[in-house]
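Chain residues, written in single-letter form:
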Amino acid sequence: MSTLIRSKAPLRISFAGGGTDVPPYPQERGGAVLSVTINKYAYVSLLPADDDAITVHSLDYDIVAKYHGETDLAYNGELDLVKAAIRRLAVQKTGLHLFLHSDAPPGSGLGSSSTLVVALVGLFRHWLRQPLTDYQIAELAYQIERVDLGIKGGMQDQYAAAFGGVNFIEFTDQAVIVNPLRVSPDRLNELEYNLLLCYTGRTRVSANIVARQTESFIARKSKVVRALDAQKEMAIQMKNALLKGQLDDFGHLLHEAWQTKKHLDPAITTPQIDAMYEAGRKGGALGGKILGAGGGGYLLLYCPFDRKHVVAAALEQLGGQVVDFGFELRGLQTWEREEMSSS
């Protein structure tokens, strides 16, 4: 009989500031992001094995892969996030089964890849009894994804998943600072009720968009620099609107932030996304944006409560899939289940 260990970390919605968390912008100008985690998760389970192999079961993709040592853990495009976490935390010296599952696919715009790495780090921390703080877990997840694997992207997703809740996250050349916002339950319920989440029907490779955006910033393309600066300012304004309870202003700012975000890279929007957004606005949405780097994934819209059903119907007519969700105020969680068979 063995002990089963599980972890789960929440996916996130980023309202504004995305892109200002991607180096070298935060080191040079300081970044800021406003986000909230939702009740969609990345899950990882660990069960010790009788042999010395590490067997990874990806339940979403029906993949089972077995690794017997360091040489088997070479990066080849298959389960590289898992391999990198195993190598970074040196857990390849014992046998185990890992089971992976996520409520959203990679490329959805909800930070699912980074959230999976946070869940892996949290799982291994629990199993190895390592005294890591939420900040250290987020930083380790960032290092695994961005440094070890060289995947282009920012820092916000790792910190959002580790901490959970509604956060205004600041990025400087010295540190990342997570500021949890004290928002009343009534206000959070109202915001949640007015938000509509719609899957566009397609995912995208965010690293390509992020890489071009970063190159444009390094080249000091004025359009991109101005757009990033504006994204940071929008994050500050939206934080203030939320804290003051000015939710309709929040919705209008979401629209402004989306108009600005489109200047970062031509691939951020598509004709399909534009058509869905325009239909949402005609239906009564005050504002919205495509989540994540853009190009596909989930569309978020802020709607007056009496127009939400109209907006939903318009989006579904264009092939969108409206998804129920709620806010999740907890971050990474790990727990154990006793008396499980090791087979």
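Scroll up to find the structure this text is about.
The structure presented is a predicted model; accordingly, all values stated were derived computationally and were not measured. (Residues numbered from 1 in each chain as written. Predicted model: local features only at pLDDT ≥ 70, side-chain atom pairs only at ≥ 80, totals over all residues. Heavy atoms only, no water.)

Attention now moves to empty space enclosed by the protein. One pass over the structure, following the stated rule, counts one cavity of 30 Å³ or more. Taken as a whole, the largest cavity holds about 40 Å³ of empty space. For the largest cavity, the full set of lining residues is Gly 19, Val 22, Pro 23, Pro 24, Tyr 25, Gln 213, Thr 214, Phe 217 and Leu 228. Among the elements that make up the lining of the largest cavity, the one with the highest residue count is helix α7 (residues 206–218) (three residues). For the lining of the largest cavity, the class distribution of residues is six nonpolar, three polar and no charged. (1 Å grid on protein atoms, 1.4 Å probe; cavity = no way out; pocket = protein on both sides within 12 Å on 5 of 7 lines; lining within 4 Å. Points joined across faces, edges and corners; volume = space filled by probe spheres on them. Helix = DSSP H or I, 4+ residues; strand = E, 2+ residues; numbered from the N terminus. Nonpolar A, V, L, I, M, F, W, Y, C, P; charged D, E, K, R; others polar.)

Moving on, we come to the pairing of strand β4 (residues 63–67). Sheet topology places strand β3 (residues 54–58) next to β4; five bridges connect them, and they run antiparallel. Residue Thr 55 lies in a different strand from β4, and its bridge partner there is Lys 66. (Pairing = 2+ DSSP bridges.)

Take the nonpolar core next. Counting 47 residues, the largest nonpolar core has Leu 98 and Phe 124 as the members making the most contacts within it. Setting aside chain neighbours within four positions, we find Phe 124 in contact with Leu 46, Ala 85, Ile 86, Leu 89, Val 91, Leu 98 and Arg 129. (Core = buried A, V, L, I, M, F, W, Y, C linked by side-chain atoms within 4.5 Å. Buried < 20%, exposed > 50% of the residue type's maximum accessible area, 1.4 Å probe, protein only. Contact = heavy atoms within 4.5 Å.)

In this chain, Pro 23 is followed by Pro 24 through a cis amide linkage whose omega measures 10°. With a phi angle near 55°, Asp 62 is a residue other than glycine that sits in the positive phi range. Note on placement: Asp 62 falls in the loop between β3 and β4.

Sheet architecture is open: four strands sit in the order β9-β10-β8-β11, paired in antiparallel fashion. The open sheet has two free edges, formed respectively by β9 (287–290) and β11 (321–323), since each of these has just one partner strand. Direction aside, neighbouring strands of the sheet carry axes that sit 25° apart on average. Sheet topology note: the strand β8 (residues 195–199)/β11 ladder contains three bridges and is antiparallel. Paired with Tyr 199 across the bridge in β11 is Gln 321. Helix-sheet contacts for helix α9 (residues 247–261) involve β9 and β10 (298–302), and the interaxial angle to β9 is about 40°. Lying over the sheet, helix α10 (residues 271–283) contacts β8, β9 and β10, oriented at roughly 165° with respect to β9. (Axes fitted to C-alpha atoms, helices over the stretch in contact; angles between N-to-C directions.)

Another point: α7. Counted at 1.5 Å a residue, the expected span for α7 with its 13 residues is 18 Å, and the 18 Å between its end C-alpha atoms agrees. The inward-facing, buried residues of α7 abut α1 (25–29) and α8 (222–244). Arg 220 lies just past α7 and shows a positive phi near 60°. (Expected span 1.5 Å × (residues − 1).)

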